[in-house]
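The lines below spell out each chain.
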Amino acid sequence: TSSVVSRTLVENESHPHLIKERKLKSNISALEKDQEASIRSVGGHATLRSRLNELGFTPGATVRLVAKAALGGAMAFEVRGSTIALRRADAAFIEI
């Protein structure tokens, strides 16, 4: 269960020049293709957290979803200039 709150800018449909903030709880597994986000925290057990950090998934890093497999399979992310594939379950520990 994530307690991290990220902010997304949302356009006001009746007044497109006005933008409001909407608070969302999310992780990188919720990203859409080519969507970017900033990593807030990395959770999971110590070994997983360490491995994700070694791969470049660290707080403050920008991550972009490059591709995702059908039926909830692996997801490919671009982070710090590299493309990394993760299981959706592992991606869920990376909060944005």
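Residues numbered from 1 in each chain as written. Predicted model: local features only at pLDDT ≥ 70, side-chain atom pairs only at ≥ 80, totals over all residues. Heavy atoms only, no water.

Turning next to the confidence of the model for the chain. Fine structural detail should not be taken from predicted coordinates in areas where pLDDT scores are low. For the chain, the mean per-residue pLDDT works out to 83, and 74% of the residues sit at or above 70. This stretch, residues 1-8, has a pLDDT under 50; its non-local contacts, to residues over four places away or in other chains, come to 25 contacts. (pLDDT = per-residue confidence, 0-100. Contact = heavy atoms within 4.5 Å.)

With that out of the way, let us pick up the nonpolar core. Ile28, Leu31, Phe57, Val63, Phe77, Leu86 and Ile94 are the most contacted members of the largest nonpolar core, which has 19 residues in total. The leading source of residues in this core is strand 6 (residues 75-79), at three residues. Residues in contact with Ile28, not counting those within four places in the same chain, are Phe57, Val63, Met75, Phe77, Leu86, Ala91, Ile94 and Ile96. (Core = buried A, V, L, I, M, F, W, Y, C linked by side-chain atoms within 4.5 Å. Buried < 20%, exposed > 50% of the residue type's maximum accessible area, 1.4 Å probe, protein only. Helix = DSSP H or I, 4+ residues; strand = E, 2+ residues; numbered from the N terminus.)

Here we take up the pattern of salt bridges. Inspection of the entire model under this criterion finds five salt bridges. Across the pair Arg64 and Asp34 runs a salt bridge, and its minimum N-O distance is 2.7 Å. Taken together, the residues span a long stretch of sequence, with Arg64 in strand 5 (residues 62-68) and Asp34 in the loop between strand 2 (19-24) and strand 3 (36-38) at a distance of 30 residues. When its relative accessible area of 45% is taken as the criterion, Asp34 is described as partly exposed. Each of Lys33, Asp34, Arg64 and Glu78 takes part in a single network of salt bridges with overlapping partners. (Salt bridge = Lys/Arg side-chain N within 4 Å of Asp/Glu carboxyl O.)

Here the focus is the pairing of strand 5. Of the strand pairs in this sheet, strand 3 and strand 5 are connected by three bridges, and their pairing is antiparallel. Of the residues in strand 5, the one forming a bridge with Ala37 is Val63. In terms of strand pairing, strand 5 meets strand 6 through five bridges, oriented antiparallel. Its bridge partner lying in strand 6, Lys68 is registered against Met75. (Pairing = 2+ DSSP bridges.)

Another aspect to go through is the side chain of Glu95. One can find Glu95 in strand 8 (residues 94-95). Buried Glu95, no salt bridge; nearest opposite-charge side chain is Arg40, N-O distance 8.0 Å. Engagement of the side chain of Glu95 in a polar contact is seen with the side chain of Ser41, the distance being 2.7 Å. (Lys, Arg positive; Asp, Glu negative; His and termini not counted. Polar contact = N/O pair within 3.5 Å; in protein donor to acceptor, adjacent residues only side chain to side chain.)

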